[in-house]
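# Observations on chain architecture
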Amino acid sequence: MESAKTKTTSSEGKTIAIIAYLTIIGLIIAFVMNNDKKDDFAKYHITQSLGLAITGLALGIIGLVPILGWLINIIGVFVLLYMWIMGFINAINEREKPVPLLGTHYIKWFNNL
């Protein structure tokens, strides 16, 4: 009976982790859902998704600068999309693997969440 509970918690953690990658609203919902459960897998992916959201916000601000900012923004959006897809795939496959490029930094920066 104990193993069934562990499997359910893992399934809930996976669901919360997947929700975290679905827009900013999904990130907020995942954060609230994990607030009571404190699932480590979900926390890991919430951290990764939060880092991606903040990186996207920074790219949006950089995109306000004419010409050079626009170029950085266009390239950055494609890189961010790639990072988001990799994080989403890792959540679906139940892997705690950081997103490419900045994932290890996100772990350090948002460790206290």
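This text follows the structure it describes.
Notes on the structure follow. Residue numbering note: each chain is counted from 1, following its sequence as written. For a predicted model such as this one, the threshold for reporting local features is a pLDDT of at least 70, and the threshold for listing and counting side-chain atom pairs is 80 or more; totals across whole chains, interfaces and linings nevertheless cover every residue. Neither water nor hydrogens contribute to the side-chain values; these are computed over all heavy atoms in the structure.

### Some thoughts on helix H4 (residues 68–92)
Strands here are runs of E lasting at least two residues and helices are runs of H or I lasting at least four, both read from the DSSP assignment and numbered beginning at the N terminus. A helix is expected to reach a length of 1.5 Å times the quantity of its residues less one. Here H4 spans 36 Å end to end across 25 residues, near enough to the 36 Å set by a 1.5 Å rise per residue. Those residues of H4 that sit buried are Gly-69, Gly-76, Leu-80, Met-83, Gly-87, Phe-88, Asn-90 and Ala-91. Immediately beyond the C-terminal end of H4, within one or two residues, lies Glu-94, with a positive phi of roughly 60°. Whether a residue is buried, partly exposed or exposed follows from its accessible area with a 1.4 Å probe, protein chains only, as a fraction of its type maximum: under 20%, in between, or over 50%, in that order.

### Section: the pattern of salt bridges
Opposite charge on two side chains makes pairing possible when the charged atoms of those side chains draw close. Salt bridges, as used here, are contacts in which a Lys or Arg side-chain nitrogen is within 4 Å of a carboxyl oxygen on Asp or Glu. A complete count under the given rule lists one salt bridge for this structure. Ionic pairing is found between Glu-94 and Lys-14, a salt bridge with its closest N-O pair at 3.7 Å. In this pair, Glu-94 sits in the loop between H4 and helix H5 (103–109) while Lys-14 sits in helix H1 (residues 2–20), placing the two residues 80 residues apart along the sequence. Judged by relative accessible area, Glu-94 falls into the partly exposed class, the value being 44%.

### Examining the packing of aromatic side chains
Any Phe, Tyr or Trp ring, taking Trp's six-membered ring, that has another such ring centre within 6.5 Å forms a pair; planes under 30 degrees apart are called stacked, those over 60 apart edge-to-face, and the others tilted. As enumerated under the stated definition, the model contains four aromatic pairs in all. When the ring of Tyr-21 is compared with that of Phe-88, the centres are 6.4 Å apart and the planes differ by 80°; the resulting orientation is edge-to-face. Of the two residues, Tyr-21 is situated in the loop between H1 and helix H2 (23–37) and Phe-88 in helix H4; the sequence distance between them amounts to 67 residues. Taken as a pair, Tyr-21 and Phe-88 share a single burial class, namely buried. Considering the side-chain rings of Tyr-106 and Phe-110, the 6.4 Å spacing of their centres and the 35° angle between planes classify their relative orientation as tilted. Accessibility assignment for this pair places Tyr-106 and Phe-110 in one class, buried. Pairwise contacts between aromatic rings join Tyr-21, Trp-84 and Phe-88 into one cluster.

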